[in-house]
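Descriptive analysis of the structure
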There are 2 protein chains.
Amino acid sequence: MDSIQVGDFKFRLDLSKPLYEQVLQHIRQAIARGDVQLGTKLPSVRDLAQQLKLNPNTVMRAYQELDRDHLTETRRGQGTFITSNSETVEQVKKALAREAVIAFVSSMKNLGIDRSTTESFLKEVTWHE
Amino acid sequence: MDSIQVGDFKFRLDLSKPLYEQVLQHIRQAIARGDVQLGTKLPSVRDLAQQLKLNPNTVMRAYQELDRDHLTETRRGQGTFITSNSETVEQVKKALAREAVIAFVSSMKNLGIDRSTTESFLKEVTWHE
DNA sequence: TTAAGTGTCATATTTGATATAATACACTTA
DNA sequence: TAAGTGTATTATATCAAATATGACACTTAA
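Residues numbered from 1 in each chain as written. Chains lettered and ligands numbered in written order. Predicted model: local features only at pLDDT ≥ 70, side-chain atom pairs only at ≥ 80, totals over all residues. Heavy atoms only, no water.

A short note on the overall build of chain A
Quick note on the threshold: Helical segments are the DSSP runs of H or I of at least four residues, strand segments are the runs of E of at least two, and each set is numbered from the N terminus. Three exposure classes are used, based on accessible area relative to the maximum for each residue type with a 1.4 Å probe and protein chains only: buried under 20%, partly exposed in between, and exposed over 50%. In this description, contact between two residues means that some pair of their heavy atoms is separated by no more than 4.5 Å. Working definition of accessibility: Shrake-Rupley area with a 1.4 Å probe, residue cover restricted to the visible protein chains. All tallies of charge rest on Lys and Arg as positive and Asp and Glu as negative; His and the ends of each chain are not included. The location of each charge is read from NZ of Lys, CZ of Arg, CG of Asp or CD of Glu.
Within chain A, the secondary structure is distributed over five helices and four strands. Going residue by residue from the N terminus, the α and β elements of chain A occur as β-β-α-α-α-β-β-α-α. Looking at chain A as a whole, 38% of its 129 residues are labelled buried. Sequence separation of 24 or more characterises 48% of the internal contacts of chain A that already satisfy a separation of 6 or more. Surface exposure of chain A reaches about 7,800 Å², of which carbon and sulfur atoms provide 46%. Counting 18 positive and 17 negative side-chain charges, chain A places the centres of these two groups 3 Å from one another.

What follows is the structure, encoded as structure tokens:
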């Protein structure tokens, strides 16, 4: 259990990818899953940085990308808040799902694996929700 | 069409990932797909490097990883040859497919998307072989 | 008004993986 | 022997990521 709980969010960081990207993904997924209430405030840049032992700039980069996707809104002097627009969340969620599907299908096709075989592979996976 | 044909292999390199990794993937996928005959010789390290305008060390790194997976065998002074063991190829192919499936399922679960919804997404994809 | 907490910006520096450059060595084959 | 193989070594260059540090503008509550 090398994951860190900060507010409503759980983070598990490693060296496989850029840290700012991992922070971004964790928060984005929490929002997409509905693990956090819409409209609530994210931890402050400095807070999160301190708790994750990261540089504030690294956290800020993640927050700015969330803003770009309109998953968050930043109010100067107040903080960064999760959007209250559930439709935006739904759109982003679908977009991310689509990306994942495209990447997956591409991988399988690159291996020369056809549709039905891919579906078979998928059926073999035990799916703990 | 910014892809380069070298022997039986087609390469399309970009800046999204390490070059040695892309070279590795292209060759690995060609073998897995059965696009190249088992037992045949890969382009020499120097040849491939020259044609792809890469450093020989970069190509060598890709070749060494292929060797590690036993997809190729290197004979000193002769070159690097694709394995003749079709079972090995089949194993690697399955392993790569499994990896892709695992990663995909993980992504979908991280988004809070269940199995049946995932299957629906998959059905929406047009699958040109 | 003030102080603390917010996001933001700018600049410089460090770090680590990637890639290149240039040689050299050992082996095989024609 | 010469040309073609893979391999190893050392040095250097490059670039994105991450850090360090300090400053600024705004909001809120004391």
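Regarding the packing of aromatic side chains
Residue and element names in this part refer to chain A. Basically, it comes down to this: Within 6.5 Å between ring centres, the rings of Phe, Tyr and Trp (the latter by its six-membered ring) count as paired, and their orientation is classed by plane angle as stacked under 30 degrees, edge-to-face over 60, tilted in between. Two limits define a charge over a ring: the Lys NZ or Arg CZ must be within 6 Å of the ring centre, and within 35 degrees of the ring normal.
Using the criterion set out here, one finds three aromatic pairs over all chains in the structure. Ring centres 6.3 Å apart and planes at 40 degrees place the aromatic pair Phe9 and Phe11 in the tilted group. Under the relative-accessibility criterion, Phe9 is labelled buried at 4%. What makes Phe11 buried here is its relative accessible area of 2%. Note that Arg61 overlies the ring of Tyr20, its terminal NZ or CZ placed 3.7 Å from the centroid. Positioned above the aromatic ring of Phe81 is the side chain of Arg75, whose terminal nitrogen or guanidinium carbon lies 3.9 Å from the ring centre.

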